[in-house]
Amino acid sequence: MKKRPSIALKPREGRRARAGAPWIFSNEVVMDAAAKALAPGQLVNVKGDDGQDFGTGSFNPKSLIAVRLFSKLCDAPVDAAFFGERLGRALALRDALYEKPFYRLVHAEGDGLPGLVIDRFGDALVVQTNSAGMEALLTPLTMALENLLSPTTIILRNDSPSRSFEGLESYVRAEKGEARRIALEENGARYFADIGAEGQKTGWYYDQRENRAFIAGLAKGKTVLDAYSYTGGFGILAAKAGAREVVCVDSSVPALKLAEESAAANNVAIKAFNADALEEMARLASAKETFDIVLADPPPFVKAKKDLEAGARAYRKLARLSADVTAKGGLLMLSSCSHNIDTERFAAECAQGILRSGRAARLIRSSGAGPDHPVHPMLQESAYLKALVYALD
Ligand code: SAH
């Protein structure tokens, strides 16, 4: 067997990896000519300057995250059997958590599979390989998926913006079967998702499942504004739980169309508005229209670390406008899926925004993504979703 190349750490570097994190950054490794010449995604052995073995990882000389560790052992095989074992573990956890096969099957580093995201929709899998290392391992990965689940459909949804940090091109391709509109079940409701290029991300946001259930539990007889509704995940469940009126607002026409179809499949009615959510909330506020429950789940406002201050201001404005349209005694849920803002800062911006709306609030729930989005304990970056629920006076 050809000897696997080695990557050396600079003296005393690799602090986070030594503490158990699965990442080593480009400024921590000896980036000599041999290292630079390695193909992005190449499997390597990683060693500290003190001779400590960091194990097997994938290496990308073009990425800030130079090494993503797969195993604590050097020369560990990363083949179909390796994937079979890790995927089997991921599947066992979801089997224990959920009755139906609709969930995030793999949440990257959180499931010991760096750079890999897989959402499962019954016998259809939507796969995202977000690192050069994982991209180079597509063959053993799909073999292992075949062995484990024999899916009818595997869609490679490889158009996430993070791929550009790895020097990877953007594409969407059916590896098996075809991209199509599919049905899924969640919290006892039926939804439709588009797992082709028309849908966003993998087609569905499983991360909000438990938060949707929490809100639905409080929705009976209430009016609900689902801002940034996408395909109606929150609004439809609230309607099914007996909400008196549900208004969904989103800037995507195809998403709203799916929301209307999903509502019909559950025998409930929603009102779907195609609009900019902030503008619509400002308009509703000036018309003095309010809702008992307001949900705001926008796209990430802090896309990169350098956008933190601008993004934080945007969250504050969102909180203010959404509080403006929340009825007296109502509930407001504010979400952020930006991993570049932490919960503390996000909560501080939400508090400021609500205050500026002239409202007193009690924070009654602070949560994140559901348990099918496990967090690597040494990698807070893998906990990205924040969902804060306030009771407004
Ligand atoms: N709450 C949704 C997920 C929201 S994702 C769920 O539970 O599934 C963010 C959504 O914001 C996307 O559907 C996107 O189309 C929408 N969006 C982006 N910019 C927007 C804007 N300016 N106004 C309204 N919606 C917007």
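See the structure shown above.
About the thresholds
Residues numbered from 1 in each chain as written. Predicted model: local features only at pLDDT ≥ 70, side-chain atom pairs only at ≥ 80, totals over all residues. Heavy atoms only, no water. Near = heavy atom within 4 Å. Polar contact = N/O pair within 3.5 Å; in protein donor to acceptor, adjacent residues only side chain to side chain. Areas by Shrake-Rupley, 256 points an atom, 1.4 Å probe, with all protein chains shown as cover. Nonpolar A, V, L, I, M, F, W, Y, C, P; charged D, E, K, R; others polar. Salt bridge = Lys/Arg side-chain N within 4 Å of Asp/Glu carboxyl O. Helix = DSSP H or I, 4+ residues; strand = E, 2+ residues; numbered from the N terminus. Buried < 20%, exposed > 50% of the residue type's maximum accessible area, 1.4 Å probe, protein only. 1 Å grid on protein atoms, 1.4 Å probe; cavity = no way out; pocket = protein on both sides within 12 Å on 5 of 7 lines; lining within 4 Å. Points joined across faces, edges and corners; volume = space filled by probe spheres on them. Domains from an automatic or database assignment. Axes fitted to C-alpha atoms, helices over the stretch in contact; angles between N-to-C directions. Left-handed = near helix turned anticlockwise from the far one by under 90°. Contact = heavy atoms within 4.5 Å. Pairing = 2+ DSSP bridges. Right-handed = clockwise from strand over helix to strand, strands pointing away. Core = buried A, V, L, I, M, F, W, Y, C linked by side-chain atoms within 4.5 Å.

Participant: An account of the site of the ligand is needed here, citing residue identities and associated values.
Facilitator: Taken together, the neighbourhood of the ligand is formed by 15 residues, with Gln200, Arg212, Asp250, Asp276 and Asp297 sitting nearest. Contact between the ligand and Ala277: a nitrogen atom at 2.9 Å from a main-chain N or O atom of the residue. Measuring from a nitrogen atom of the ligand, one finds a side-chain N or O atom of Asp297 at 2.7 Å. For the ligand, the protein covers 88% of the area, taking 580 Å² as the surface of the free molecule. Of the residues contributing to the shell around the ligand, the split by class is seven nonpolar, four polar and four charged.

Participant: Before we move on, could you go through the pattern of salt bridges and cite the residues and values that matter?
Facilitator: Overall, the coordinates contain 26 salt bridges when judged by the stated rule. Among the salt bridges present, the one from Glu349 reaches Arg345, with a minimum N-O distance of 2.9 Å. With Glu349 and Arg345 both in helix 11 (residues 343–356), this residue pair falls four residues apart, about one helical turn. What makes Arg345 partly exposed here is its relative accessible area of 24%. Residues participating in the shared-partner salt-bridge network are Glu309, Arg316, Arg345 and Glu349.

Participant: Explain empty space enclosed by the protein to me, and be specific about the residues and the numbers.
Facilitator: Enumeration according to the criterion identifies one cavity of 30 Å³ or more in this entry. For the largest cavity, the calculated volume is near 30 Å³. Taken together, Ser58, Phe59, Asn60, Ile65, Ala66, Val67, Arg68, Ser131, Ala132, Gly133 and Glu166 form the lining of the largest cavity. For the lining of the largest cavity, the secondary structure elements donating two or more residues are strand 4 (53–59), strand 5 (65–71) and helix 4 (132–136). Here the lining of the largest cavity takes four residues from strand 5, the largest share from any one element. The class makeup of the residues in the lining of the largest cavity is five nonpolar, four polar and two charged. Of the domains in this structure, domain 1 (6–71) and domain 2 (80–179) are the two that each give at least three residues to the lining of the largest cavity.

Participant: A description of the packing of helix 9 (residues 277–286) against helix 10 (residues 308–324) should follow, citing residues and the corresponding values.
Facilitator: The description of two helices packed together rests on the angle between their axes and the distance between the axes. Remark: helix 9 packs on helix 10, axes separated minimally by 8 Å, with the N-to-C direction vectors making an angle of 35°. Both helix 9 and helix 10 take part in a crossing whose hand is left-handed. Taking contact as the criterion, the partners of Leu278, Met281, Ala282 and Ala285 in helix 9 are, on helix 10, Leu318, Leu321, Ser322 and Asp324. Of the residues that constitute the contact of helix 9 with helix 10, the class distribution is six nonpolar, one polar and one charged.

Participant: Before we move on, can you summarise the pairing of strand 14 (residues 245–250) with the specific residues and values?
Facilitator: Most of strand 14 is tucked away, with five of its six residues classed as buried. Judged from the five bridges that link them, strand 13 (residues 223–227) and strand 14 form a sheet pairing that is parallel. Bridged to Val224 within strand 14 is Val246. With helix 7 (residues 233–240) bridging strand 13 and its parallel neighbour strand 14, the resulting β-α-β unit is right-handed. In this structure, strand 14 lies alongside strand 15 (residues 271–274), joined through four bridges in parallel fashion. Bridge pairing links Cys248 to Ala272 in strand 15. As a crossover connection, the stretch from strand 14 through helix 8 (residues 253–265) into strand 15 is right-handed.

Participant: I'd like to hear about the nonpolar core, residue by residue, with values.
Facilitator: Residues Phe121, Leu184 and Ile270 are the most contacted members of the largest nonpolar core, which totals 37 residues. Examining the composition of this core, we find that five residues originate from one element, helix 7, more than from any other. For this core, the domains that each give at least three residues are domain 2 (80–179) and domain 3 (182–392). If near-sequence neighbours (up to four positions away) are discounted, Leu184 is found in contact with Phe102, Phe121, Ala189, Arg190, Tyr191, Ala193, Trp204 and Tyr206. Counting residues in hydrophobic clusters, the runner-up holds 30 residues, among them Val249, Phe291, Leu321 and Val325.

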